[in-house]
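# Coordinate analysis (summary)
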Amino acid sequence: MPLQGSRVVHPLFEAHHRPVSESAMTVDVRLMRPVEGGVRDKAAGVTTFPEPQTVWSGRARVRSNLGTSPSVQADRVVAVGAYQVILPADAPTPRVRDYFDLLGGVSDPSLVGMLLRVVDVPRSGLSWQRNVGCDVEQPINRREP
């Protein structure tokens, strides 16, 4: 418990840490949202879905969470995901089922072309960055960079 009239976290903590976090974001990403509904061609037996909407694009940090598994926090099972995508704090909040298209600007070229599906969007009272749990949606390098 802090002393009366004092704070545990400095009021400028988030403002100080945001540029530090953003300077480590080296992956160009596009946040995509699937459009609900499609058109069914009964004769061909095929449903055609609209192109997904681009919600946001910019720089992010991508790291592996391999070796971690879902955990229980309070009364909620938290799906961690195989990857974590770290966004700037002011980026829009992704939704579960959105996905990130990894476009480039990385020192590891094997990341380019990956699609990462959002499986968990944890919230926090301190927001100098936004951490998003993801799983691989498509095989690596599904297209030419």
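Since we're looking at a predicted model, the values are computed, not measured.

Take the overall build of the chain next. When helices and strands are tallied, the chain shows one helix and 10 strands. Traced from its N-terminal end to its C-terminal end, the chain shows the element sequence α-β-β-β-β-β-β-β-β-β-β. Summed over its atoms, the accessible surface of the chain is roughly 9,300 Å², and 53% of this surface lies on carbon and sulfur atoms.

The subject of this paragraph is the packing of aromatic side chains. With the rule as written, the count across this model stands at one aromatic pair. Plain terms: the ring middles of F13 and W128 are 5.2 Å apart, the flat faces sit at 80° to each other, and that makes the pair edge-to-face. In this pair, F13 sits in helix α1 (residues 13-23) while W128 sits in the loop between β9 (115-120) and β10 (129-136), placing the two residues 115 residues apart along the sequence. Residue F13 is classed as partly exposed on the basis of its relative accessible area of 24%.

Averaged over every residue, the pLDDT of the chain is 84; the share at 70 or more is 83%. When mean pLDDT is taken per element in the chain, strand β1 (residues 27-33) scores highest with 96 and strand β5 (residues 71-73) scores lowest with 59. Low pLDDT, under 50, characterises residues 139-145; the stretch is placed with 15 contacts to residues that sit more than four places away or in other chains.

Before going further, it helps to examine the pairing of strand β8 (residues 99-104). For β8, the buried fraction is high: five of the six residues fall into the buried class. Summarising the sheet, β1 and β8 pair through five bridges and their orientation is antiparallel. Looking across to β8, one finds that M32 is bridged to Y99. Inspection of the sheet shows β8 paired to β9 by three bridges, in the antiparallel sense. Its bridge partner being in β9, Y99 is matched across the sheet by R117.

Moving on, we get to the sheet that holds strand β4 (residues 53-64). One closed barrel holds the six strands; their spatial order is β1-β4-β7-β10-β9-β8, and the pairing between them is antiparallel. Shown here is a sheet whose adjacent strand axes are inclined to one another by a mean of 45°, direction ignored.

Moving on, we get to the nonpolar core. Core analysis: the largest hydrophobic core is formed by 20 residues, its most contacted members being V85, L87, F100, L102 and L116. Those elements that provide at least two residues to this core are β1, β4, β7 (83-88), β8, β9 and β10. Dropping the residues within four chain positions of it, L116 is found in contact with V62, Y83, V85, D98, Y99, F100, L102, C134, D135, V136 and E137.

Counting buried residues along β7, six of its six residues qualify, which places the element largely inside the surrounding structure. As paired elements, β4 and β7 share four bridges and run antiparallel to each other. Looking at the pairing, V62 lines up with V85 of β7. In this structure, β7 lies alongside β10, joined through six bridges in antiparallel fashion. Bridging across to β10, L87 finds its partner in R130.

Rolled over the atoms, a probe with the dimensions of a water molecule shows which regions are left empty. The space that makes up the largest pocket amounts to roughly 220 Å³. Q84, A89, P122, R123, S124, L126, S127, W128, Q129, R130 and N131 together form the lining of the largest pocket. If one sorts the elements of the lining of the largest pocket by residue count, β10 sits on top with three residues. The residue makeup of the lining of the largest pocket, split by class, is four nonpolar, five polar and two charged.

The rules behind each value
Residues numbered from 1 in each chain as written. Predicted model: local features only at pLDDT ≥ 70, side-chain atom pairs only at ≥ 80, totals over all residues. Heavy atoms only, no water. Helix = DSSP H or I, 4+ residues; strand = E, 2+ residues; numbered from the N terminus. Areas by Shrake-Rupley, 256 points an atom, 1.4 Å probe, with all protein chains shown as cover. Phe/Tyr/Trp six-rings, centres within 6.5 Å; stacked < 30°, edge-to-face > 60°. Buried < 20%, exposed > 50% of the residue type's maximum accessible area, 1.4 Å probe, protein only. pLDDT = per-residue confidence, 0-100. Contact = heavy atoms within 4.5 Å. Pairing = 2+ DSSP bridges. Axes fitted to C-alpha atoms, helices over the stretch in contact; angles between N-to-C directions. Core = buried A, V, L, I, M, F, W, Y, C linked by side-chain atoms within 4.5 Å. 1 Å grid on protein atoms, 1.4 Å probe; cavity = no way out; pocket = protein on both sides within 12 Å on 5 of 7 lines; lining within 4 Å. Points joined across faces, edges and corners; volume = space filled by probe spheres on them. Nonpolar A, V, L, I, M, F, W, Y, C, P; charged D, E, K, R; others polar.

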